[in-house]
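The chain contents come next:
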Amino acid sequence: PGNQLETVRLFGGSESEVRVTLYRDVAYWCPYCQRVQLQLELMEVPYRVSKINMNCYGRKPKWFLDKVPGGLLPVVELDGRVVTESMDIMFLLERVFKDRSLVGGRYADEELLTTALRVERNLAGAWLQWLRGRPGLFSSEERAKSTFLATVTDVEKVLDLESGPYFGGDKPNFVDCAYAPFLERVQASMVYWKGLDIMDSKKFPAIAKWFETTRSDPLFASVASDAWTHVQALPPQIGQCYASKGAEEGMRLIETAGATRKIDFSDGQAKDARLWAAAALANNHPAVVQDAARYLEKKAGEVSAEALEEIGGAFRTVAAVLVGGKLEGEKVEFRSRKEVEMALVYERSRVCTPRDMSVAASHQFQGAINYVLGQM
């Protein structure tokens, strides 16, 4: 799979073959953009990527608004034709690149495809209704929960465990692309605000198996976000989310997950994730240090030049651990120990997936920070 630094994906072809430009969000969090990019990747349709701010993160450039007056993302430009709305884009790509179609097997039956997509929309509606519903009468809370659970059961039926683990059977298809971004967000937010996990293998075995499979699928994993990113990013997008009684443990687990990460010094996928994290940190080192300094200034006042230099050194140490492994010799010492600790702990919680790095890489990044903190 590609990564968030790439601006063109060729799949072995040449630039002259690129007919598609995908306009998607800079933060790499928009679920509608995610489903379209998953489809392009699975179909291996060459495309360019142009990154545009979501409304809550900044203004969109005039040239983009001239092209797309509404300004909503995602947008695809195909042979000069501008198309908006994620599902319209996905069906267009299916028609134009039908030799690479992801609508096959049982979903070649239009009625089954329509039913699967309707269930996805119902899930999204029931999820948002419960998540954003103001606490009030017990009956209204229970009704929203009951409606949500009924739609999750419908998803379980659509997945059909016997033909899984994907919606497409033994390999992902169009329906997986449509569902993936929302199942991710539903799972994280329900644990955090409602204390309910749709990955419970006893209650929803097909959904649990789907998550297990997609989280180990390199493509799906490369565009996924972790639970902490989701619970931070959702309120600015959809409005206030309300917690139910019994959600405290889920909140605690998600909020403290970064502090419990341990770096994996083994080879293979763990090494790949460490190197991805190291590259992301090296490429953004000045910005990371500046971000930490702004936080310290708010919390403790002016940051001395010495403390700033040592904070930069601490993050270089984190990068060294990610690349070279365990530190040899004595403990790591900093004269500005308090400021360095505050900076490391703060940036541990600031990593955003997959904007900054993959989920696996973020776990290694957080683990490396914890390792350095333990060596101080």
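Residues numbered from 1 in each chain as written. Predicted model: local features only at pLDDT ≥ 70, side-chain atom pairs only at ≥ 80, totals over all residues. Heavy atoms only, no water.

(A) How the structure looks around the side chain of Glu310. Position of Glu310 among the secondary structure elements: in helix α13 (residues 305-324). In this structure Glu310 is buried but unpaired, with Arg335 as the nearest side chain of opposite charge at 4.1 Å. (Helix = DSSP H or I, 4+ residues; strand = E, 2+ residues; numbered from the N terminus. Buried < 20%, exposed > 50% of the residue type's maximum accessible area, 1.4 Å probe, protein only. Lys, Arg positive; Asp, Glu negative; His and termini not counted. Salt bridge = Lys/Arg side-chain N within 4 Å of Asp/Glu carboxyl O.)

(B) Up close: the packing of aromatic side chains. Under the criterion given, the structure shown has 14 aromatic pairs. Stacked on the ring of Tyr28, the Lys or Arg Arg24 has its end atom at 4.0 Å from the ring centre. Positioned above the aromatic ring of Trp29, the side-chain terminus of Arg185 is 4.5 Å from the ring centre. (Phe/Tyr/Trp six-rings, centres within 6.5 Å; stacked < 30°, edge-to-face > 60°. Lys NZ or Arg CZ within 6 Å of the ring centre and 35° of its normal.)

(C) Spatial organisation of the pairing of strand β3 (residues 47-52). Bridge count for strand β1 (residues 8-9) against β3 is 2 bridges, and the pairing is antiparallel. Bridging from a neighbouring strand, Val8 pairs with Arg48 of β3. Examined bridge by bridge, strand β2 (residues 20-25) and β3 share 6 bridges and lie parallel to one another. The residue of β3 that forms the bridge with Val20 is Tyr47. (Pairing = 2+ DSSP bridges.)

(D) Fine view of helix α1 (residues 31-43). In this model α1 runs 18 Å from its N-terminal to its C-terminal C-alpha over 13 residues, within 8% of the 18 Å that 1.5 Å per residue would give. With 11 of 13 residues buried, α1 is to be regarded as a mostly interior element. In the stretch just after α1, Glu44 is the one whose phi turns positive, near 55°. (Expected span 1.5 Å × (residues − 1).)

(E) Region of the structure containing the packing of α1 against helix α6 (residues 174-194). The geometry of α1 relative to α6 is characterised by a closest axis approach of 8 Å and an angle of 145° between their N-to-C directions. Between α1 and α6 lies a crossing of right-handed hand. Contacts between α1 and α6 involve Pro31, Tyr32, Gln34, Arg35, Leu38, Gln39 and Leu42 from the first element and Phe174, Cys177, Ala178, Ala180, Pro181, Phe182, Glu184 and Arg185 from the second. Tallied by class, the residues present in the contact of α1 with α6 amount to 10 nonpolar, 2 polar and 3 charged. (Axes fitted to C-alpha atoms, helices over the stretch in contact; angles between N-to-C directions. Left-handed = near helix turned anticlockwise from the far one by under 90°. Contact = heavy atoms within 4.5 Å. Nonpolar A, V, L, I, M, F, W, Y, C, P; charged D, E, K, R; others polar.)

(F) Highlighting the pairing of β2. Along β2, 6 of the 6 residues are buried, which leaves the element largely enclosed by surrounding structure. As a crossover connection, the stretch from β2 through α1 into β3 is right-handed. Note that β2 and strand β4 (residues 75-78) share 4 bridges and pair antiparallel. If you follow Tyr23 over to β4, its bridge partner there is Val75. (Right-handed = clockwise from strand over helix to strand, strands pointing away.)

(G) Layout of the pattern of salt bridges. With the rule as written, the count across this model stands at 18 salt bridges. Notably, a salt bridge pairs Lys62 with Asp66, separated by 2.9 Å at the nearest N-O pair. Of this pair, Lys62 and Asp66 both sit in helix α2 (residues 62-67), 4 residues apart, roughly one helical turn. Per residue, the accessibility class of Lys62 equals that of Asp66, and both read exposed. Linked by salt bridges that have partners in common, Glu6, Arg9 and Glu41 make up one network.

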